[in-house]
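Below, each chain spelled out in residue letters.
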Amino acid sequence: MFEYSNEKAIEYIFGFSHSGKPVKDLSRIKKLMAAIGDPQDRLRFVHIAGTNGKGSTARMFDGVFVRAGLKTGLFTSPFIIEYADRIQVNDRNIDREALARLAGKVHEAVSQFPEDTGFSQFEITQAIAFLYFEEQGCDIVVLETGLGGLLDCTNIITTPLLTVITKVDLDHTAILGDTVAQIAAQKAGIIKRGVPCVLSAGNTEEVRAVVADKASEMDSSFVIPDNDKLSVQNSGLDGTDFTYKNKNYHASMAGIHQTDNALSVIEGCEILRGELGLSDEDIREGIADAVLPGRTEILSREPLVMLDGGHNPDGVRALAKVIAGKRPCHAVIGMCRDKNLHEALSVLIPHVDSFITVDGFSDRAENASELAELINALGGKAVPAENSLLTVIENMKQQDSDGLTLVCGSLYLVSAVHEIYKNKN
């Protein structure tokens, strides 16, 4: 078997492209999984797709299951702080030895395929994750799709206990479709025959119709949380207190939109309550425990600095609701060029007094000068950064100590900021 150090394992994984060769079916990932023994067939899953809210929803399910004493695997995308945080068991990243060893095992399997097979970095990571979850004896795995659903490589699984679809909106239109209905059809592709499905209450009637039709076709029981039974007591930077079906909850992640994610988790856990032995306290405390780096994350309170990775129009709309009225607000922003920059910025600009644009955090990052020009053309006030990212943030914190410093635009930027602050401290 190929033997790796942790550094060589990461180098091997990153040697694959983000997307690999285009796929028209799941045959490529099926062959890879078969070559490593199909570990996914011996695991149980909660499978989550959607445009926004997947990560937060996954963290809440993970929190509930860990609270209930279940050995819980968590597979998310992309990584936020370091590569290993994509693969966790009971909230601990895969350790360096296991990552190196299992990367070697996957490399051995991949070496049996023609060189032009075109595996993606995500497929290689998934193979490592499934081997690790089986090796660890996980009782349940919370599995987040990478892109779409129907043709996403996570959709190779055949044993989900539950599928969950979060908020659906326009994103990755070149791959998933030009309309919300087309994208919803891709997300609904994770629904399995006879397996219950929960759809976020935050979706439009158009999305509801598409997912309901697919659920009916697959004989899947279909649940949408009932917003008429939701009452929000208060919502701020420290989270949201709310009542649902006469039970009290607290979502620690900021933003009223987190109630949509929490309600999906509550309804999903009701479905799984008997099979997984979940209690009311498990559900309540698990949701309260859930936090996610880069989702309206408070880096500092005095002065107030917030970090958010919302990168598409709907994600930015959720962020805008959190920061509304918190003036003055000055933002450090970096975005990827393959996103809907025009619409996302149009949502954010009315809430921000000034922007400093940055790049260099990803090979897909929009040029800082061009991003500043776009912001100015849309009516905002922006200049490209002249200093390092850390210096820009520190200078902006001092610009108005009574206001909000916002760092936003991309999850890759979130990762870069965490790396900077880790090295600083």
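Residues numbered from 1 in each chain as written. Predicted model: local features only at pLDDT ≥ 70, side-chain atom pairs only at ≥ 80, totals over all residues. Heavy atoms only, no water.

With an unreviewed UniProt entry as reference, the chain is termed tetrahydrofolate synthase, source organism Ruminococcus albus. Per UniProt, the chain has the following entry under Sequence similarities (unreviewed entry): "Belongs to the folylpolyglutamate synthase family." Per its UniProt entry, the chain bears the Cofactor (unreviewed entry) comment "Mg(2+)". (UniProt positions renumbered as here; feature names shortened; annotations may be inferred.)

Engineer: What am I meant to see in the packing of aromatic side chains here?
Structural biologist: Between two aromatic rings, the relevant description is the distance of the centres plus the angle of the planes. One pass over the structure, following the stated rule, counts 7 aromatic pairs. With a centroid separation of 5.5 Å and 65 degrees between ring planes, the pair formed by Phe-75 and Phe-122 is classed as edge-to-face. With Phe-75 in strand β2 (residues 72-75) and Phe-122 in helix α5 (residues 121-135), the pair connects residues that are 47 residues apart, well separated along the chain. Phe-122 shares its class with Phe-75; the two are buried. (Phe/Tyr/Trp six-rings, centres within 6.5 Å; stacked < 30°, edge-to-face > 60°. Helix = DSSP H or I, 4+ residues; strand = E, 2+ residues; numbered from the N terminus. Buried < 20%, exposed > 50% of the residue type's maximum accessible area, 1.4 Å probe, protein only.)

Engineer: I'm lost on the domain arrangement of the chain in this one. Help?
Structural biologist: Many analyses report the size of an interface as the accessible area lost when the parts associate. For the chain, the assigned domains read domain 1 (6-289) and domain 2 (297-423). Just the C-alpha atoms count here: the centres of domain 1 and domain 2 sit 27 Å apart. Between domain 1 and domain 2 the total buried area reaches about 1600 Å² when both faces are included, carbon and sulfur atoms providing 56% of it. When residues of domain 1 are sorted by the area they lose upon contact with domain 2, Ile-80, Ile-81 and Leu-237 head the list and together hold 35% of the total. Here domain 1 is connected to domain 2 by 2 salt bridges. (Domains from an automatic or database assignment. Buried area = accessible area lost by both parts, 1.4 Å probe. Salt bridge = Lys/Arg side-chain N within 4 Å of Asp/Glu carboxyl O.)

Engineer: How do you make sense of helix α7 (residues 180-187) when you look at a structure like this?
Structural biologist: Each α-helix winds once per 3.6 residues, and so residues spaced three or four apart point in a common direction. Taken as a whole, α7 has its buried residues at Val-180, Ala-181, Ile-183, Ala-184 and Lys-187. Taken end-on, α7 shows its buried residues confined to a sector of 160 degrees, consistent with a single buried face. (Arc of directions from axis to C-beta.)

Engineer: Is there a simple way to explain the pairing of strand β13 (residues 304-308) in this structure?
Structural biologist: Summarising burial for β13: 5 of the 5 residues are buried, a large majority. Here β13 shows two buried faces, one formed by Leu-304, Met-306 and Asp-308 and the other by Val-305 and Leu-307. Alignment of strand β12 (residues 297-301) against β13, held across 4 bridges, turns out to be antiparallel. Paired with Glu-297 across the strands is Leu-307, a residue of β13. Hairpin connection, β12 to β13: the antiparallel pair is bridged by 2 residues. One ladder, built from 5 bridges, connects β13 with strand β17 (residues 404-408); its direction is parallel. Looking at the pairing, Leu-307 lines up with Val-407 of β17. (Pairing = 2+ DSSP bridges.)

Engineer: Any chance you could explain the packing of helix α4 (residues 96-110) against α5 here in plain terms?
Structural biologist: The description of two helices packed together rests on the angle between their axes and the distance between the axes. Relative orientation of the contacting elements α4 and α5 amounts to 120 degrees, with a least axis distance of 9 Å. It follows that α4 is oblique to α5 by the angle criterion. Remark: the crossing between α4 and α5 carries right-handed chirality. Counted together, Ala-98, Leu-99, Arg-101, Leu-102, Ala-103, Lys-105, Val-106 and Val-110 of α4 and Ile-124, Ala-127, Ile-128, Leu-131, Tyr-132 and Glu-135 of α5 form the full contact between these two elements. (Axes fitted to C-alpha atoms, helices over the stretch in contact; angles between N-to-C directions. Parallel < 35°, antiparallel > 145°, perpendicular 65-115°, else oblique. Left-handed = near helix turned anticlockwise from the far one by under 90°. Contact = heavy atoms within 4.5 Å.)

Engineer: I tried to follow the layout of surface pockets on my own but got confused; where do I start?
Structural biologist: Remark: the empty space left among the atoms is shown by a probe the size of a water molecule rolled over them. Reported here for the second largest pocket is a volume of approximately 300 Å³. Every residue lining the second largest pocket is counted, 15 residues in all, and those nearest its centre are Ile-10, Ile-81, Glu-82, Tyr-83 and Ala-84. Broken down by secondary-structure element, the contributors of at least two residues to the lining of the second largest pocket are α1 (6-14) and α15 (411-424). By residue class, the composition of the lining of the second largest pocket is 8 nonpolar, 3 polar and 4 charged. Counting residues domain by domain, the lining of the second largest pocket receives three or more from each of domain 1 (6-289) and domain 2 (297-423). (1 Å grid on protein atoms, 1.4 Å probe; cavity = no way out; pocket = protein on both sides within 12 Å on 5 of 7 lines; lining within 4 Å. Points joined across faces, edges and corners; volume = space filled by probe spheres on them. Nonpolar A, V, L, I, M, F, W, Y, C, P; charged D, E, K, R; others polar.)

Engineer: Where do I start with the pattern of salt bridges in this structure?
Structural biologist: It is possible for side chains bearing opposite charge to pair when their charged atoms get close. Under the counting rule described, the total for this entry stands at 17 salt bridges. A salt bridge links Asp-169 to Arg-317; the shortest N-O distance between them is 3.1 Å. You can see Asp-169 sitting in the loop between β6 (160-165) and α6 (173-176) and its partner Arg-317 sitting in helix α11 (residues 313-323), a full 148 residues away along the chain. The exposure class assigned to Arg-317 is partly exposed, which follows from its relative accessible area of 30%. A single salt-bridge network, built from bridges that share partners, covers Lys-247, Glu-270, Arg-273 and Asp-280.

Engineer: Help me understand empty space enclosed by the protein, please; the structure alone is not making it clear to me.
Structural biologist: By the definition in use, this model includes 2 cavities of 30 Å³ or more. By volume, the largest cavity amounts to about 70 Å³. If you go around the largest cavity, the residues you meet are Gly-55, Arg-59, Thr-76, Ser-77, Pro-78, Ile-80, Glu-144, Leu-292, Arg-295 and Leu-411. Here the lining of the largest cavity is composed, by residue class, of 4 nonpolar, 3 polar and 3 charged. Of the pockets and cavities examined, the second largest cavity occupies roughly 40 Å³.

Engineer: Whenever I open this one, the sheet that holds strand β1 (residues 45-49) confuses me. Can you help?
Structural biologist: Hydrogen bonding along the main chain pairs the strands of a sheet, whether they run parallel or antiparallel. Pairing within the open sheet is mixed, and its 8 strands lie in the order β4-β3-β2-β5-β1-β6-β7-β8. Whereas interior strands pair on both sides, the edge strands pair on one side only; in this sheet they are β4 (92-93) and β8 (222-223). In the sheet, β6 pairs with strand β7 (residues 197-199) via 3 bridges, with the strands oriented parallel. In the strand pairing of β7, Val-164 is matched with Val-198. Against the sheet, α5 touches β1, β2, β3 (87-89) and β5 (140-144), its axis set at about 15 degrees to β3. Lying on the sheet, helix α9 (residues 258-276) is in contact with β1, β6, β7 and β8; it crosses β6 at an angle near 175 degrees.

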